[in-house]
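One-letter residues, chain by chain:
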2 protein chains.
Amino acid sequence: MLSAIELATKLRENGCKVTPQRLAIYDMLSKTTEHPTAETIYNKLKPLYPAMSLATVYKSVEVLEKIDAIQVLNTGEDSFRYDANVAQHFHIKCMHCGRVMDVPCQDLKPLVENLEKKTQFTITGQQVYFYGICPDCQKQH
Amino acid sequence: MLSAIELATKLRENGCKVTPQRLAIYDMLSKTTEHPTAETIYNKLKPLYPAMSLATVYKSVEVLEKIDAIQVLNTGEDSFRYDANVAQHFHIKCMHCGRVMDVPCQDLKPLVENLEKKTQFTITGQQVYFYGICPDCQKQH
DNA sequence: ATATCTGCAAATCGTTTGCATGGAA
DNA sequence: TTCCATGCAAACGATTTGCAGATAT
């Protein structure tokens, strides 16, 4: 998670301009754990930035991903989700209520190095998704 | 991987009819390691089944997934990929040429059980994707 | 000053749906 | 005979694009 100043610096370092929209989107993402879609980000920010368009959300998250400030999740739904936590972690999705939660994980370096040897790939990233039923939904049968 | 007879049995057991299209799609998937998209499946089968429509491919893979004959991959592209190998394994994608390859993995049961304890989820499945550059693309710089 | 970004609307494209016909049980 | 499946075309919805005006540097 970056402060607004750190994000601004990172944007400038990458030749991107610092705009209120980009700051607002990153700020919103860094304050939630719900891994929102572009639509959700758009709706959350609409009261604060009534003029902001959905296209700007898409363009902004693309930039934020490119400078490694956020990551994009594809949990198999019809839309992507965005996550300001770029530290190594897994995600677990409840197939009943649809929530996507973070799961801390141990260092994957040994596994990745082992796979690099086995596959001869240079590995630059990974995504790990688990699927199941969350405790809340289990209680409701 | 199932034989045509085993697949037919599994379809009937699940109240689904056995059609040439479903058999052909499963057969094609079980003979490739390239994890094709619906479009690719459609184009591969077009010479054999000129009347087959893309919509039928989509409807068929949905059925095949529902009866657990195949799995659906979301590697973060614009379209889904399909895999007749439903045994536990990882996928690794080359960000340069786009190929998606299988990676065998050790039994995940200990990890999954550990996560179930930690998250209180009932875990029913998982998807693990690695991203990087494949040996062939590394050679071409 | 000028290159980049925003907001709008239209375009794109993977996927889904409705419906009449055809085929499996 | 009775559903269910197919094929076609139209619909859908998430994302992208083009462009004119606005803004960051």
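Conventions we followed
Residues numbered from 1 in each chain as written. Chains lettered and ligands numbered in written order. Predicted model: local features only at pLDDT ≥ 70, side-chain atom pairs only at ≥ 80, totals over all residues. Heavy atoms only, no water. Axes fitted to C-alpha atoms, helices over the stretch in contact; angles between N-to-C directions. Helix = DSSP H or I, 4+ residues; strand = E, 2+ residues; numbered from the N terminus. Parallel < 35°, antiparallel > 145°, perpendicular 65-115°, else oblique. Left-handed = near helix turned anticlockwise from the far one by under 90°. Contact = heavy atoms within 4.5 Å. Nonpolar A, V, L, I, M, F, W, Y, C, P; charged D, E, K, R; others polar. Pairing = 2+ DSSP bridges. Buried area = accessible area lost by both parts, 1.4 Å probe. Polar contact = N/O pair within 3.5 Å; in protein donor to acceptor, adjacent residues only side chain to side chain. Near = heavy atom within 4 Å. Domains from an automatic or database assignment. Salt bridge = Lys/Arg side-chain N within 4 Å of Asp/Glu carboxyl O.

## Concerning the packing of helix H3 (residues 38-45) of chain B against helix H4 (residues 54-66) of chain B
All names here are of chain B.
Turning to step 1, where the next piece is worked out: In the contact formed by H3 and H4, the axes pass within 9 Å of each other and the chain directions differ by 120 degrees. When the interaxial angle is binned, H3 and H4 end up oblique. Taken as a pair, H3 and H4 cross one another with a handedness that is right-handed. Seen from H3, the contacting residues are Ala38, Glu39, Ile41 and Tyr42; seen from H4, they are Leu54, Val57, Tyr58 and Val61.
Turning to step 2, where the next piece is worked out: Of the residues belonging to the contact of H3 with H4, the class tally is 7 nonpolar, no polar and 1 charged.

## Observations regarding the environment of glycine 15 of chain B
Turning to step 1, where the next piece is worked out: In this structure, glycine 15 of chain B sits in the loop between helix H1 (4-13) and helix H2 (20-30).
Turning to step 2, where the next piece is worked out: Distance in space between the C-alpha atoms of glycine 15 of chain B and leucine 2 of chain B is 18 Å, their sequence separation being 13 residues.

## What to know about the sheet that holds strand E5 (residues 122-133) of chain B
Turning to step 1, where the next piece is worked out: The 6 strands are arranged E4(A)-E3(A)-E5(A)-E5(B)-E3(B)-E4(B) in an open sheet whose pairing can be described as mixed. The sheet terminates laterally at strand E4 (100-104) of chain A together with strand E4 (100-104) of chain B, the two strands that pair on one side only. Going from strand to strand, the sheet's axes swing by 30 degrees on average, the running direction of each strand aside.
Turning to step 2, where the next piece is worked out: Examined bridge by bridge, strand E3 (residues 89-94) of chain A and E4 of chain A share 5 bridges and lie antiparallel to one another. The partner of phenylalanine 90 of chain A across the bridge, within E4 of chain A, is valine 103 of chain A.
Turning to step 3, where the next piece is worked out: Sheet contacts for helix H5 (residues 109-119) of chain A: strand E5 (122-133) of chain A together with strand E3 (89-94), E4 and E5 of chain B; angle to E5 of chain A, the most-contacted strand, approximately 120 degrees.

## What about the interface of chain A and chain B?
Turning to step 1, where the next piece is worked out: Between chain A and chain B, the residue contacts involve 34 residues of the former and 34 residues of the latter.
Turning to step 2, where the next piece is worked out: Buried area between chain A and chain B, both sides added, is near 2,700 Å², and the carbon and sulfur share of it is 69%.
Turning to step 3, where the next piece is worked out: Among the residues of chain A in contact with chain B, Phe121, Phe130 and Tyr131 of chain A are the three that bury the most area, contributing 23% of the side total.
Turning to step 4, where the next piece is worked out: The tally of links between chain A and chain B comes to 14 residue pairs in polar contact (both at pLDDT 80 or more).
Turning to step 5, where the next piece is worked out: Those elements that provide at least two residues to the side of chain A that touches chain B are E3, E4, H5, E5 and helix H6 (135-139) of chain A.
Turning to step 6, where the next piece is worked out: If you tally residues by element for the side of chain A that touches chain B, the top one is E5 of chain A, at 12 residues.
Turning to step 7, where the next piece is worked out: Classifying every residue of the side of chain A that touches chain B gives 19 nonpolar, 12 polar and 3 charged.

## Quick word on the protein's contact with DNA strand D
Turning to step 1, where the next piece is worked out: Around DNA strand D, the surrounding shell holds 19 residues, and the nearest of these are Tyr58 and Phe80 of chain A together with Thr19, Thr56 and Lys59 of chain B.
Turning to step 2, where the next piece is worked out: Between DNA strand D and valine 18 of chain A, the relevant distance is 3.3 Å, taken from a phosphate oxygen to a main-chain nitrogen or oxygen of the residue.
Turning to step 3, where the next piece is worked out: For DNA strand D, a sugar or linking oxygen lies 3.4 Å from a polar atom in the backbone of alanine 51 of chain B.
Turning to step 4, where the next piece is worked out: Counting residues per element, the ones that place at least two in the surface near DNA strand D are helix H4 (54-66) of chain A together with H2 and H4 of chain B.
Turning to step 5, where the next piece is worked out: When the residues that make up the surface near DNA strand D are grouped by side-chain class, the tally is 7 nonpolar, 5 polar and 7 charged.

## Quick look at the domain arrangement of chain A
Residue and element names in this part refer to chain A.
Turning to step 1, where the next piece is worked out: Taken domain by domain, chain A comprises domain 1 (4-83) and domain 2 (89-140).
Turning to step 2, where the next piece is worked out: Here domain 1 and domain 2 have C-alpha centroids that lie 22 Å from each other.
Turning to step 3, where the next piece is worked out: Residue-level contacts link 10 residues of domain 1 with 10 residues of domain 2.
Turning to step 4, where the next piece is worked out: Summing the contributions of domain 1 and of domain 2, the shared interface buries around 770 Å²; its carbon and sulfur component is 43%.
Turning to step 5, where the next piece is worked out: Taken as a group, His35, Gln71 and Thr75 account for 48% of the area that domain 1 buries against domain 2, more than any other trio of residues on that side.
Turning to step 6, where the next piece is worked out: Viewed at the interface, domain 2 and domain 1 are joined by 1 salt bridge.
Turning to step 7, where the next piece is worked out: Summed over the shared surface of domain 1 and domain 2, the number is 10 residue pairs in polar contact (both at pLDDT 80 or more).
Turning to step 8, where the next piece is worked out: At the level of elements, strand E1 (71-73) and strand E2 (81-83) are the ones that each hand at least two residues to the side of domain 1 that touches domain 2.
Turning to step 9, where the next piece is worked out: When residues in the side of domain 1 that touches domain 2 are grouped by element, the largest group, 3 residues, is from E1.
Turning to step 10, where the next piece is worked out: Class assignment of the residues belonging to the side of domain 1 that touches domain 2 gives a composition of 2 nonpolar, 5 polar and 3 charged.

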